[in-house]
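Structural characterization, general
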Amino acid sequence: KQEVTQIPAALSVPEGENLVLNCSFTDSAIYNLQWFRQDPGKGLTSLLLIQSSQREQTSGRLNASLDKSSGRSTLYIAASQPGDSATYLCAVSSQDQAGTALIFGKGTTLSVSS
Amino acid sequence: DVKVTQSSRYLVKRTGEKVFLECVQDMDHENMFWYRQDPGLGLRLIYFSYDVKMKEKGDIPEGYSVSREKKERFSLILESASTNQTSMYLCASSPGRGRANVLTFGAGSRLTVL
C-alpha cells in the first residue's frame, strides 16, 4: 500500500530564506504528484502538479522536483515571505484510472517570521 | 473562477442524528471525493465517485454513505452520527480519464458531534 511521508513536520524560518520541503513515497509506480497549500481551517489549494514523466515544475517562487526511482519529491520555496506560512501537503496518484484518488502525506507546517 | 462549494462550514450535531454534507462543483468534473482530516492522521479518503450513480469505498467508509444523483453534486451521509466522526470534512473534484487529475478542494465542513 502506498505511503507518503513528509519531513519535517514543522519548520520555522526567518523571512527571505530559501527552503526545501521533502516528500517521500513507498511505491514508485505513481501517475503524478501534487503539492498543496492549506491555510488554518481552510481547504487545500493546488500549487503544482508533476506528471510521472516530468522532473520538475515551477510556478513563481515555487519549484517542485520529482525523482520517481528514489520515491522522492521536493518543494523549493525561494525568498520566503510571512504570507507563505501554511501547511504544505504532497499527494500521489498511483494509477491512471478514472476516479483515482490521491494519497496524502501529513504535511509540513511552515512558519515564516518577519 | 471554478469552484467546489460545501454547503456548511460549521455544523454541530448530536449523537445519533442523521447528517448530510453537500458538495457541488461547477467545473463539469467527472470525479468527486470526500476526505476527512484529523490532527496527526492527515487526510483520509472516505468515498469517491467517478460517474453519476457510481461510488467507490475509500480507506475509511465505515459509518458513512454517499449519493451522487447528479454530476455536479456529491453528498456525504452519516446515518447515525457518533462522537468519533467529529472532524473536518473536505470535498474535492477532478476531471475524468485522460485529463490531468488536478484536485480542486472545497473550503471544508467542520462537524462537531456532541
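The paragraphs below set out a description of the structure included in this document. What you see is a predicted model; the values in this text were computed from it and never measured. Going along each chain's sequence as written, the residues are numbered from 1 onward. Key to labels: chains lettered from A, ligands numbered from 1, both in the order written. Confidence filtering applies because this is a predicted model: local features only for residues at pLDDT of at least 70, side-chain atom pairs given and counted only at 80 or more, and all residues used for totals across whole chains, interfaces and linings. For side-chain calculations, the full set of non-hydrogen atoms in the structure is used, while hydrogens and water are omitted.

Take the state of the cysteines next. By convention in this document, the label disulfide applies to cysteine sulfur atom pairs within 2.5 Å. If you walk through the whole model with that rule in mind, you get two disulfides over all chains. One disulfide bridge connects C23 of chain A with C90 of chain A, the sulfur atoms lying 1.9 Å from each other. Because the sign of the S-S torsion sets the handedness, a value of about 70° for the bond joining C23 of chain A and C90 of chain A places this disulfide among the right-handed ones. Within this pair, whereas C23 of chain A is found in strand β3 (residues 19-25), its partner C90 of chain A is found in strand β9 (residues 86-93), the two being separated by 67 residues in sequence. The classification of residues rests on relative accessible area computed with a 1.4 Å probe and restricted to protein chains. Under 20% of the type maximum is buried, over 50% is exposed, and intermediate values are partly exposed. Assessed through its relative accessible area of 0%, C90 of chain A is described here as buried. Disulfide pairing places C23 of chain B opposite C91 of chain B at an S-S distance of 1.9 Å. Judged by the sign of its S-S torsion, about -75°, the bond between C23 of chain B and C91 of chain B is left-handed. Here C23 of chain B is found in strand β3 (residues 19-25), whereas its partner C91 of chain B is found in strand β9 (residues 87-94), with 68 residues between them in sequence. Classification of C91 of chain B by relative accessible area gives buried; the value is 0%. We count a stretch as a helix when DSSP gives it H or I for four or more residues in a row; a strand needs E for two or more, and each element gets its number in order from the N terminus.

All right, on to the pairing of β3 of chain A then. All names here are of chain A. The two faces of β3 differ: L19, L21, C23 and F25 on one face are buried, but V20, N22 and S24 on the other face are not. The pairing of β3 with strand β8 (residues 72-77) spans six bridges and is classified as antiparallel. Counterpart to C23 in the pairing with β8 is S73. If DSSP finds at least two bridges between two strands, the strands pair.

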